[in-house]
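Listed here are the chains, written in short residue letters.
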Amino acid sequence: MFQPKKKRPRIRKTMSGLIALTLLSSLVLPNIVEARPTEPSQVKFADVSVQAGQSVHVPVTLKQPDYSAITAYSMQIDYDSSALEIVRITPKYVGNNFPTIVENNEVNFHYKIDNEAGWVRIIWADFTAGHYPIPVEQQLFDIEVKAKSNTSPGTKKLTVNREDPERWNFTNLDYENYTELSGGTITITAANSGGGNSTPNPGSSSGGSVSPTSPVVTPVPSTPAATKGVDIYVNGQKQEQSATATTATVNNLVTTTVHVDNDKVINQIGSGLRTLLLPITGTGKDAVVGELNGKLVKTMEGSNAEVVIQTDSGTYTLPANQIQIDQVLNQFGSTVPLEDITIQIAIAPSAASKQSAIQAAADKMQNTTVVAAPVDFEVKAIWNGQQVNVDRFNSYVERSITLPEGVDGSKITTGVVLQPDGSLLHVPTKVIKGNVQDSAIINSLTNSTYTLIYHPTTFSDISSHWSRDDVQDLASRLIVQGTGENVFAPDRSITRAEFTAVLLRGLGLHAPRSTEAASFTDVKTGSWYEDEVQTAVSYGLISGYADDSFRPNSEISRAEALTIVSRAMKLVGLAQADASETTSLLSTYSDSAKVQAWAAEPVASAIKQELVQGADGKLMSEADISRAQSAAIVKRLLAKAGLI
């Protein structure tokens, strides 16, 4: 077989030079056809939506056979310059040890935009003679496209003339290669389209909360509403014609609302209701709202039942007791009939402004790709022109996001929630493989805007460390961070404030559940850990010392850390050790006598749930816990609770 030489022809690294390189590379690195059958490589432009006057990001990905090795490509993407303009191209793969690229840099990735003529040319080549070809599945680059403000609603297409080798050329190192293209549809909506979420209310110290009442603003549909009967399922049994579905377009958002026949369902199920399923398929990425009244919710609450909204874009599984209908009723007035209160449970695509905010946040993070379009999950109660948002819950509530077809679930590291300050933070997420499409299950104590990201992370000092897999997993989920440039320092001890922050990030607790302030003499206003301490106190995870101090910068012992973890076990529904179990579990360790009385039950509970094993038959409860041990314990906690 031909082996490429180290010495390469010298080609000037300009745009024309790179074009020449991609064409010449088939001579320098010839394709060699073997007996193995070839498969086409797949280049995909994402299909996106954007408001007139706004911009949107279009990821361009490559998926190739596992024996492929693409070493150069060039493409010219054409578009309607009367409706669209290209803002920038952001490379996502340039090769090993190459710097970030901008237009006209003298490096191995170039692009040139001509918004007047309506084209952009992208060129990439591996200058190492095939040492760093493109991985089997990789995002190549991101296109930021703006829809001009005067553009009429409709669809536009990003196109490539693949018959012209100067406009479409992929060079493969070893095998014959041909590359297919898909996607690139840009749906343009009117400038006033969109919507938003209200900011969650901090709520009361009881855990779950509803927001104060606010006036309901009812948008006028821009298209006539179409109504049809639909089937729902009670405890898995089809209930024919027990609901109707109304579809209308409001603010350019197509919304299907399912109105449950509340009395009919109550009469059919008596007191044996466990699950009420509203499957609404065929709506694509449109908004779906399940609508039932307070009387049905109260009946379901008494049966510990749950309502499930199932759509093409995701599923929302909500226990009826988390709607907290009694709190809702108190907001409206205790004399309001429950059957007059409408409960709406919604799954909707996020507004373009949120999509842009999420992409902007991801762009600021290293090695981060937004994998799925963001989705809003909402619950609200409506009565007599007033609205109450059900924002927070007493226990974790499950929702799922369906991955775009063709997206591998292994290319997701976590789900994230969009914060009011525009940052992205981890929420407990696990990926479920499907027959056609994978899905990501997100568990959270709040309602908000969620999306999925790929953020693979490692550190140079954990490659041979026992904690490597745990640390890499948690770092990829935005739970743990390094201590310096590509360094994690796994064996360094961790402070009380640092451990608290890691645990909170793992649990997806990013704001206090109550407004009651924690008062510690040594937690300074404006310190990096002030909010973390406040949040941990509000969830009952931490307490201070007798002198009203928290000692945030003191190193935390294993016993102290496990005491905090045992409190988190209650939050995630893991059983703790009782008195008899405590004695039995501790007795198997030679240093159990050193476990102080206040830590005995928490340490035993951690042993019961296999969060700790000890070393050499010892618990070492008084020793400082390390950063690596903290990561391992938090990961085991989340995995044991089924949250990741």
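Every value quoted in this text rests on a predicted model; they were computed, and no experiment measured them.

> Just to check I follow, could you spell out the overall build of the protein for this structure?
Summing up its helical and strand segments, the protein has twelve helices and 29 strands in all. Taking all 644 residues of the protein together, 49% fall into the buried category. Intrachain contacts of the protein at a sequence separation of at least 6 include 76% that bridge at least 24 residues. In the form shown here, the protein has an accessible surface area of approximately 28,500 Å², with 47% of it arising from carbon and sulfur atoms.

> Any chance you could explain the environment of Val307 here in plain terms?
Within the secondary structure layout, Val307 lies in strand β20 (residues 306-310). As a C-alpha pair, Val307 and Leu318 span eleven residues in sequence and 5.4 Å in three-dimensional space.

> Whenever I open this one, the packing of helix α7 (residues 496-507) against helix α9 (residues 558-572) confuses me. Can you help?
A pair of packed helices is captured by two measures, namely the crossing angle of their axes and the spacing between those axes. Look at α7 against α9: their axes get within 11 Å of each other, and the N-to-C directions meet at 20 degrees. Viewed along their axes, α7 and α9 adopt a mutual orientation that is roughly parallel. The hand of the α7/α9 crossing is right-handed. Side by side, α7 and α9 meet where Arg496, Phe499, Thr500, Leu503 and Leu507 of the first sit next to Glu560, Ala561, Ile564, Val565, Ala568, Leu571 and Val572 of the second.

> Just checking my understanding: could you explain unusual backbone geometry for this structure?
A negative phi angle characterises most non-glycine residues, just as the trans form characterises most peptide bonds. The phi dihedral of Leu478 is positive, around 70 degrees, even though this residue is not glycine. Under the relative-accessibility criterion, Leu478 is labelled buried at 17%. Residue Ala489 is not a glycine yet carries a positive backbone phi of 55 degrees. You can see Ala489 is positioned in the loop between α6 (468-476) and α7.

> In this structure, what is going on with the pattern of salt bridges? I would like to understand it.
When their charged atoms lie close together, side chains carrying opposite charge are able to pair. Within this structure, the stated rule accounts for 20 salt bridges. When the shortest N-O distance is used, the salt bridge between Asp164 and Arg167 registers 3.6 Å. Classification of Asp164 as partly exposed rests on a relative accessible area of 25%. Between Arg492 and Glu498 there is a salt bridge, and its shortest N-O distance comes to 3.1 Å. The class of Arg492 is partly exposed, set by a relative accessible area of 38%. Residues joined in a network through salt bridges with shared partners are Asp470, Asp473, Arg477 and Lys635.

> Got a minute to help me understand the confidence of the model for the protein in this structure?
On average, residues of the protein score 83 in pLDDT, and 83% of them reach the 70 mark or higher. For residues 96-106, every residue scores under 50 in pLDDT, and the model assigns this stretch 17 contacts once sequence neighbours within four places are set aside. Here residues 192-207 scores under 50 on pLDDT; set against residues more than four positions off or in separate chains, the count is 46 contacts.

> Please clarify how the sheet that holds strand β3 (residues 55-63) should be interpreted in this entry.
Across a sheet, paired strands are connected by hydrogen bonds in the backbone, their directions being either parallel or antiparallel. Here five strands make up an open sheet; going across it, the order is β5-β8-β3-β1-β11 and the pairing mixed. The sheet is open, and its two borders are formed by β5 (84-91) and β11 (179-183), each paired with just one other strand. Taken pair by pair, the neighbouring strands of this sheet meet at an average axis angle of 20 degrees, ignoring direction.

> What's the story with the packing of aromatic side chains in this structure? I'm lost.
When we look at a pair of aromatic rings, we describe it by the centre distance and by the angle of the planes. Tallied over the entire structure, the rule returns nine aromatic pairs. The interplanar angle of 55 degrees and the centroid separation of 5.0 Å between the aromatic rings of Trp168 and Phe170 together place this pair among those described as tilted. Here Trp168 and Phe170 have matching classes, each one buried. Clustering of aromatic rings is evident, with ring pairs tying together Tyr73, Trp124, Trp168 and Phe170. Sitting above the plane of the Tyr545 ring, Arg551 keeps its charged end 3.6 Å from the centroid.

Thresholds, definitions, all that
- Residues numbered from 1 in each chain as written.
- Predicted model: local features only at pLDDT ≥ 70, side-chain atom pairs only at ≥ 80, totals over all residues.
- Heavy atoms only, no water.
- Helix = DSSP H or I, 4+ residues; strand = E, 2+ residues; numbered from the N terminus.
- Buried < 20%, exposed > 50% of the residue type's maximum accessible area, 1.4 Å probe, protein only.
- Contact = heavy atoms within 4.5 Å.
- Areas by Shrake-Rupley, 256 points an atom, 1.4 Å probe, with all protein chains shown as cover.
- Axes fitted to C-alpha atoms, helices over the stretch in contact; angles between N-to-C directions.
- Parallel < 35°, antiparallel > 145°, perpendicular 65-115°, else oblique.
- Left-handed = near helix turned anticlockwise from the far one by under 90°.
- Salt bridge = Lys/Arg side-chain N within 4 Å of Asp/Glu carboxyl O.
- pLDDT = per-residue confidence, 0-100.
- Pairing = 2+ DSSP bridges.
- Phe/Tyr/Trp six-rings, centres within 6.5 Å; stacked < 30°, edge-to-face > 60°.
- Lys NZ or Arg CZ within 6 Å of the ring centre and 35° of its normal.

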